[in-house]
There are 2 protein chains.
Amino acid sequence: MVNQEPTGIVMLNLGGPRSLDEVEPFLRNLFLDREIIQLPVQERLGAFIAKRRAPKLRKLYEAIGGGSPLYDWTARQGQGMAERLDVLCPETAPHRFYLAFRYTDPTSEQALRRMAADGVRRAVAFAQYPQYSCTTTGSSLNELWRTARRLALAESFEWSVIDRWSAHPAFVRAMAAKVREGLARFDEAVRDDVVLLFSAHSLPRRVIDRGDPYLQEVAATVHDVMCSIGGDHEYALSFQADVGPVAWQGPSTESVIRALGAQGRRHVLIVGIIFTTDHLDTLSEIDMEFAEVAREAGVTDFRRAPAPNDDPVFLDALAEVVADHLHGERGCSRQFSLRCAGCTNAQCREILNPARPHRQPPLHRTEPVPGVGRQPALPGSR
Amino acid sequence: MVNQEPTGIVMLNLGGPRSLDEVEPFLRNLFLDREIIQLPVQERLGAFIAKRRAPKLRKLYEAIGGGSPLYDWTARQGQGMAERLDVLCPETAPHRFYLAFRYTDPTSEQALRRMAADGVRRAVAFAQYPQYSCTTTGSSLNELWRTARRLALAESFEWSVIDRWSAHPAFVRAMAAKVREGLARFDEAVRDDVVLLFSAHSLPRRVIDRGDPYLQEVAATVHDVMCSIGGDHEYALSFQADVGPVAWQGPSTESVIRALGAQGRRHVLIVGIIFTTDHLDTLSEIDMEFAEVAREAGVTDFRRAPAPNDDPVFLDALAEVVADHLHGERGCSRQFSLRCAGCTNAQCREILNPARPHRQPPLHRTEPVPGVGRQPALPGSR
């Protein structure tokens, strides 16, 4: 093999505190992210809210072993993915993975500095959120480009983006395998009666209303996974992590578990359909909080399909998604060039120094509409 | 062919006023449907609202030719479907179709009386809403069973149900063909820039929050249709017909059209992804109201993918859906036996005098949960 510049695969994720000391900084960074939350005097109010919420969150992390396993799982996934890519795509080998977390170390800055030190030129920003949302993938990408500019590394790498892979056949296959694994944990005599409850992180309704495609993509993954497993189970989709004062997309997972219990359903397999690794949402919210809700509601046989973590089938899927991207001609998905209807962020849908043709879609048309005086209203303003 | 009892295919739909005189009775029946709207003193208040709204709606129907073409299109679809079924399923021939509309003639009562007169024994209730919602398919089925009981025809027919076909390959193929037909209407030079806007009837958020599967099924159809056409277009999903004082699932189609215009998009193909025939929602709301919105917003090239109506490809699809059902072993979809989490209607999910095994799921468990005193909360009560 020719000794060439490594191809950098940047794995974008929210991150999670690896120790209890990191809980407050994690929260502070979250509450400073204006792409998710807009607060008055954000700097001070964000820090205040983070400080107030930290003790409760520290307790939750304490109960799952003192920190989030997200870093460890993602690093293992990166390792497995890079090894496979060297075989699948010898023409772009060697492949190196870099973690870039939005709210904890390693940050975008750390990733970019390492890439520069490693002599990376061709880079792929690979969102570890299979379903696209502006609040996750969008925020991570925008932060990555801002950081590259700040570090004067804007011209250092040629970028392309894997912005969504919610319906990639390899991902669907891997998730279907985890569902089958979960089903196998039920007694064979009751397996047919198991209700599959696909649970996804919720989004504020105002985000859905401005046209964020997340809901659609989650539903598409669920649909494809159900087709893949043969479809012979009842299933529902619900949304978790709906905390705080805003209105969230429903139905809430907790309410659905209670209702299934009330209807006399005894066997429920919950599937974290958007989570590629274990972290607080699976280990605490599902395995502790919802398990207790299920017990109270009479769902006596409540189990969770394992998260993909370092399952070789999932590592294969990660590598296949990237290989298809490297072998393809596109710098991003076709959908990436469509802004949300209610977009107000000029930075969105950018690819910095693109390796392949990409034109960032304009936020506002520049030429006037002939014969029309009044300003078109944005969604939510009705 | 053996001369045997005809198989009855009952095509369930909302119905629409065929003349201006039928507008007020149509509205009155709609506002009396407690499965959609719950009003105090429903009988009187429903009639009052219907009377008040009728003049405006009559004007809309006047503008599209004086009535809804829903009856004519559905009758043609039934004819084409029945002819095809006689070829596809000689063992259950002859097949006769019956229209059963929820809010206009021909009603469930008329359908059932005709079936009895024709000597039908085996009957299929075939929802003409491809995507399941309790507000459409659910309401139509419950009305059908109530009517059969009222007419003392509860034992006269052996029923099975086609409650959803949102992802049936033949339906997806037919819808994809209509999208391609719509795309072909654009100048070839701009065709790549066309945004596909899939528009579905909206639902009140409280219906979504109680676990109605409609949203998921609409997203699944959109996903499958996009895969079928090769996926090389930007697309969005939005919701229309969001009138009245309740909160509706967004984003609204009108707001998305305005926003696309504001972003400088000139070419939009709107696709009524849940509508199998033309009626007020396509001919008036899309072709008139939204076309005007598009013009104002600078979407200079706004077109609609034709509704399936009597397209032979769609008639093939209808026949295939029924043939697969008749050849299958199930009396309904697997999903039909899962109540919405927030279900409060004991009648839901029934199949009257089922031709194939069906156990209506209980609304409440009968035995108590061991060791748990308090009542499980239903969704929406948090």
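Residues numbered from 1 in each chain as written. Chains lettered and ligands numbered in written order. Predicted model: local features only at pLDDT ≥ 70, side-chain atom pairs only at ≥ 80, totals over all residues. Heavy atoms only, no water.

- Per an unreviewed UniProt entry, chain A carries the name Coproporphyrin III ferrochelatase and comes from Streptantibioticus ferralitis.
- Comment text from UniProt for chain A, heading Catalytic activity (unreviewed entry), reads "Fe-coproporphyrin III + 2 H(+) = coproporphyrin III + Fe(2+)".
- For the record of chain A, the UniProt heading Subcellular location (unreviewed entry) holds the text "Cytoplasm". (UniProt positions renumbered as here; feature names shortened; annotations may be inferred.)

### Remarks on the interface of chain B and chain A
And step 1. Taken together, the contact pairs 64 residues of chain B with 64 residues of chain A.
And step 2. It is Gln216, Gln263 and Arg334 of chain B that lose the most area in chain B upon contact with chain A, and together they represent 13% of the buried surface on that side.
And step 3. At the boundary of chain B and chain A, one finds 7 salt bridges.
And step 4. Close ionic contact of Arg334 of chain A with Asp232 of chain B constitutes a salt bridge, the shortest N to O distance being 4.0 Å. (Contact = heavy atoms within 4.5 Å. Buried area = accessible area lost by both parts, 1.4 Å probe. Salt bridge = Lys/Arg side-chain N within 4 Å of Asp/Glu carboxyl O.)

### So, helix H10 (residues 280-297) of chain A
Residue and element names in this part refer to chain A.
And step 1. The axis of H10 is deflected most strongly, by about 35 degrees, at Ile286.
And step 2. All of the buried residues in H10 are Leu280, Asp281, Thr282, Ser284, Glu285, Ile286, Phe290, Val293, Ala294, Glu296 and Ala297.
And step 3. Of the surrounding elements, those touching the buried residues of H10 are helix H2 (42-63), strand E5 (195-201), strand E6 (235-240), helix H9 (253-262), strand E7 (267-272) and strand E8 (301-304).
And step 4. Phi for Gly298, located one or two positions after H10, is positive at around 90 degrees. (Bend = angle between axes of the 7 residues up to and from the residue. Helix = DSSP H or I, 4+ residues; strand = E, 2+ residues; numbered from the N terminus. Buried < 20%, exposed > 50% of the residue type's maximum accessible area, 1.4 Å probe, protein only.)

### Here's the deal with the UniProt feature "binding site: Fe-coproporphyrin III" (unreviewed entry) in chain A
All names here are of chain A.
And step 1. UniProt's feature table lists "binding site: Fe-coproporphyrin III" (unreviewed entry) at Ser68, given in the numbering used throughout.
And step 2. By the secondary structure assignment, Ser68 is in the loop between H2 and helix H3 (70-88).
And step 3. Judged by its relative accessible area of 7%, Ser68 falls in the buried class.
And step 4. Here Ser68 is in contact with Gly16, Pro17, Arg18, Tyr61 and His279, once residues within four sequence places are set aside.

### Comments concerning the UniProt feature "binding site: Fe(2+)" (unreviewed entry) in chain A
And step 1. Per the UniProt record, "binding site: Fe(2+)" (unreviewed entry) is annotated on His201 of chain A.
And step 2. With respect to the secondary-structure elements, His201 of chain A resides in strand E5.

### Regarding the sheet that holds strand E4 (residues 158-162) of chain B
All names here are of chain B.
And step 1. If you trace the 4 strands from one edge of the open sheet to the other, you get E2-E1-E3-E4, paired in parallel fashion. The two strands at the open ends of the sheet, each matched to only one other strand, are strand E2 (95-101) and E4. Pairwise comparison of adjacent strand axes, ignoring direction, gives a mean angle of 25 degrees for this sheet.
And step 2. Bridging between strand E1 (residues 7-13) and E2 involves 7 bridges; their strand directions are parallel. Its bridge partner lying in E2, Met11 is registered against Leu99.
And step 3. Running over the sheet, helix H3 (residues 70-88) touches E1, E2 and strand E3 (122-127) and is turned about 155 degrees from E2. (Pairing = 2+ DSSP bridges. Axes fitted to C-alpha atoms, helices over the stretch in contact; angles between N-to-C directions.)

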